[in-house]
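Here are the chains, one letter per residue:
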Amino acid sequence: MALGRSFEDMCAQMYYRGKMFGFVHLYNGQEAVSTGFIRLLQPGDAVVSTYRDHVHALSKGVPARAVMAELFGKTTGCCRGQGGSMHMFSAPHNFLGGFAFIGEGIPVATGAAFSSRYRHEVLKEASPSGGLDVTLAFFGDGTCNNGQFFECLNMAQLWKLPIVFVVENNLWAIGMSHLRATSDPVIWKKGPAFGMPGVPVDGMDVLKVREVAKEAIERARSGEGPTLVECETYRFRGHSLADPDELRKPGEDVDFKLCATLPCCIAFGLMCKFFGFFISYIMLKHSSLKGIIRKSKRSGCCR
Amino acid sequence: MAAALQTAAPLRASSNLGANSERFRFGSLLRSPAGRKGSLLVVKSDGRHSVGFNTRLRGGNLIANAVAAKSEASAKSTDSKPGHELLLFEALREGLEEEMDRDPRVCVMGEDVGHYGGSYKVTKGLATKYGDLRVLDTPIAENSFTGMGVGAATMGLRPVVEGMNMGFLLLAFNQISNNCGMLHYTSGGQFTIPIVIRGPGGVGRQLGAEHSQRLESYFQSIPGLQMVACSTPYNAKGLMKAAIRSENPVVLFEHVLLYNLKERIPDEDYICCLEEAEMVRPGEQVTILTYSRMRYHVMQAAKTLVNKGYDPEVIDIRSLKPFDLYTIGNSVKKTHRVLIVEECMRTGGIGASLRAAIIDNFWDYLDAPILCLSSQDVPTPYAGSLEEWTLVQPAQIVAAVEQLCQ
């Protein structure tokens, strides 16, 4: 999470200094979702993301150096400079992209989940994870009005595919408010409409996300089928670095910013949960967290 | 040929040789009952037969089968000819089945491909043999199941995605263009997409505008995609197998009206090179380039042209992307005149690109402008006479060649 935040901030710096070009979509504020889910995965599991994919790639294990080089269009980038910000891929880490059009990654994720089931049942290959290899599909609230989303919910539940659909609901699709675009804005309720469980979760709290993620991933791994998880989160920057971000009210992010800075987030959450008894634990955590942040800024090798 | 088939039936009915018609076709039992070379099976036109010696030749004639009777010759020729006869859709199925046997990662997905056997019966019987996961019946969601095929391909499977009609793949254009075509590139070469997208297209018999589309012209610009069109049972099976074995995403165009074409194809394993064109009729005077169903209109016109004294060279280009400029170029260098006959619309069709490619590469060899006969730029009408009028007919081809050769 610390790495993700500092990485994205550095991207913004480079972009505004004129060293990075094109469409760059930053993940500031949503780090808990990425960390909460992806850090639970095994190496054989796959992740499919959207154009807001830098931090998903980092969480999956793609070296920060490779991602940053890709953003500069260098051959040392993870896609040899051919993909760019919106097309991060890494075969060794089973990171399947990086898709520029919203919704087009969801069928690809469904296909990866299908191949997991196929390998298990047809090819009789045993996965080192002990069950089925799981695929996570990340996408936003805007995508939840797209046909491919619904078509894949149907197919995934129909064939009980090992996939978790993770909605990063940050309430805005560029300048379109989720409430103005959606007849029924409660996304997690759309899961049961297709026969799969739908779960809402506070996307700013990494521990809560992790709890829900654990259950959803275990469900998928054991062959019980897909889950739709709606993470309520917020993006602290505009849709992309080219977005003037004029439509969002300045005070809107206050509720989400309670947990804006990372040490605060974890410390605050911990304090609320274990008030008093764990003060010393928190003090220790705080100082070691400071160390983590320093380390991540220096070497970019921890998450 | 028909006579031979008729005689084969009574042979099957009799149990003298214990052979069924299948084995008879391969001639494996033809000589075995007698046990020595030179004996033959005599089949009389009334269905009676005798084995072991030629009963019609008497008087100690040592040359046992100097003059073969007509029915014998036909029966023998059917049975001793190598290969087996089948229809084009069966050839596609045979190719698919052989590849599925050969590689367990090959799977099929599409609407009605499983239990229904495919709307044109190309996948008939495969679901029973391989199971519902390997031959997957999908809901009606072209964009999503094509994307699913792409996702499965990135993780190591080799899916064959069927569009029930090629026109339906318009709904999958997002996935075909962005993911099939481009994912190999945008991932920096990390993922290959060995997917085959196939289905029937082209103008049928009064199917209406939307079921009569030619998608090859829409897909040809997609970078990273390879396109082939089959036209005979032989090349249908060969191209299907080659497309499945290819590491590239391949779109295999079949034609609704060609599924019942019958041909004798080899028994042994063979593939057709995806990038090669097929020489249908060598000639010296004019090069006619065509593909898919128009090949048959061209061959019909060729008969008329030959009678009129022309010598056309007919090439079935087969590979729509990339073009086989080697074969085409050699032909142009020989004849110096080119006619392109296609079923695509005139605007932005395969013919338009082919014309540009020939002009770019072989301008100096041309003695006349390249003529291109295509379908009219209109939605295909329902009425049969109107529909016929929007397509290229043999008479137009003859007229075009006459014009070219003036």
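None of the values given here were measured: they were computed from a predicted structure.

**Some remarks on unusual backbone geometry**
Turning to step 1, where the next piece is worked out: Following B:Lys321, the chain continues into B:Pro322 via a peptide bond in cis, with omega recorded as 0°.
Turning to step 2, where the next piece is worked out: Residue position: B:Pro322 is located in the loop between strand E14 (319-321) and helix H12 (325-335).
Turning to step 3, where the next piece is worked out: One non-glycine residue, A:Asn94, lies in positive phi territory at about 55°.
Turning to step 4, where the next piece is worked out: With respect to the element layout, A:Asn94 can be found in the loop between helix H4 (64-71) and helix H5 (105-121).
Turning to step 5, where the next piece is worked out: According to the relative accessible area criterion, A:Asn94 is buried, its value standing at 16%.
Turning to step 6, where the next piece is worked out: Even without being a glycine, A:Lys160 presents a positive backbone phi close to 50°.
Turning to step 7, where the next piece is worked out: Residue classification places A:Lys160 among the partly exposed positions, given a relative accessible area of 38%.

**Structural notes on the pairing of strand E9 (residues 250-255) of chain B**
Residues and elements named next belong to chain B.
Turning to step 1, where the next piece is worked out: Of all six residues that make up E9, six are buried, and the element is covered over most of its length.
Turning to step 2, where the next piece is worked out: The side-chain alternation of E9 yields two buried faces, one formed by Val250, Leu252 and Glu254 and the other by Val251, Phe253 and His255.
Turning to step 3, where the next piece is worked out: With six bridges connecting them, strand E7 (residues 196-201) and E9 associate as parallel partners. Looking at the pairing, Gly199 lines up with Phe253 of E9.

**Topic: the sheet that holds E9(B)**
Residue and element names in this part refer to chain B.
Turning to step 1, where the next piece is worked out: Here we have seven strands laid out as an open sheet, ordered E5-E4-E6-E7-E9-E8-E14, and mixed in their pairing. If you trace the sheet from one side to the other, it starts and ends with strand E5 (135-137) and E14, each paired once. Geometrically, the sheet is characterised by an average inter-axis angle of 20° between neighbouring strands, direction not taken into account.
Turning to step 2, where the next piece is worked out: As judged from the two bridges shared by strand E8 (residues 226-229) and E14, these two strands associate in the antiparallel manner. Looking across to E14, one finds that Val228 is bridged to Ser319.
Turning to step 3, where the next piece is worked out: Packed on one face of the sheet, helix H4 (residues 88-102) meets strand E4 (106-110), E5, strand E6 (158-162) and E9 and runs near 135° to E4.

**Focus on the confidence of the model for chain A**
Turning to step 1, where the next piece is worked out: Residues of chain A with pLDDT of at least 70 account for 86%, and the chain-wide mean is 88.
Turning to step 2, where the next piece is worked out: With pLDDT under 50 throughout, residues 267-278 of chain A is counted as low confidence; its partners more than four residues away or in other chains account for 10 contacts.

**Some remarks on the interface of chain B and chain A**
Turning to step 1, where the next piece is worked out: Taken residue by residue, the interface counts 35 residues in chain B and 37 residues in chain A.
Turning to step 2, where the next piece is worked out: Carbon and sulfur atoms make up 68% of the area that chain B and chain A hide from each other, which totals about 2,900 Å².
Turning to step 3, where the next piece is worked out: Three residues stand out in chain B for area buried against chain A, namely B:Leu133, B:Met148 and B:Met155, and they jointly supply 24% of the buried area on that side.
Turning to step 4, where the next piece is worked out: For the pair chain B and chain A, the number of links is zero salt bridges.
Turning to step 5, where the next piece is worked out: Our count for the contact surface shared by chain B and chain A stands at 15 residue pairs in polar contact (both at pLDDT 80 or more).
Turning to step 6, where the next piece is worked out: In terms of residue count, helix H6 (residues 142-154) of chain B provides more of the side of chain B that touches chain A than any other element does, nine residues in total.

Definitions and limits used
Residues numbered from 1 in each chain as written. Chains lettered and ligands numbered in written order. Predicted model: local features only at pLDDT ≥ 70, side-chain atom pairs only at ≥ 80, totals over all residues. Heavy atoms only, no water. Helix = DSSP H or I, 4+ residues; strand = E, 2+ residues; numbered from the N terminus. Buried < 20%, exposed > 50% of the residue type's maximum accessible area, 1.4 Å probe, protein only. Pairing = 2+ DSSP bridges. Axes fitted to C-alpha atoms, helices over the stretch in contact; angles between N-to-C directions. Contact = heavy atoms within 4.5 Å. pLDDT = per-residue confidence, 0-100. Buried area = accessible area lost by both parts, 1.4 Å probe. Salt bridge = Lys/Arg side-chain N within 4 Å of Asp/Glu carboxyl O. Polar contact = N/O pair within 3.5 Å; in protein donor to acceptor, adjacent residues only side chain to side chain.

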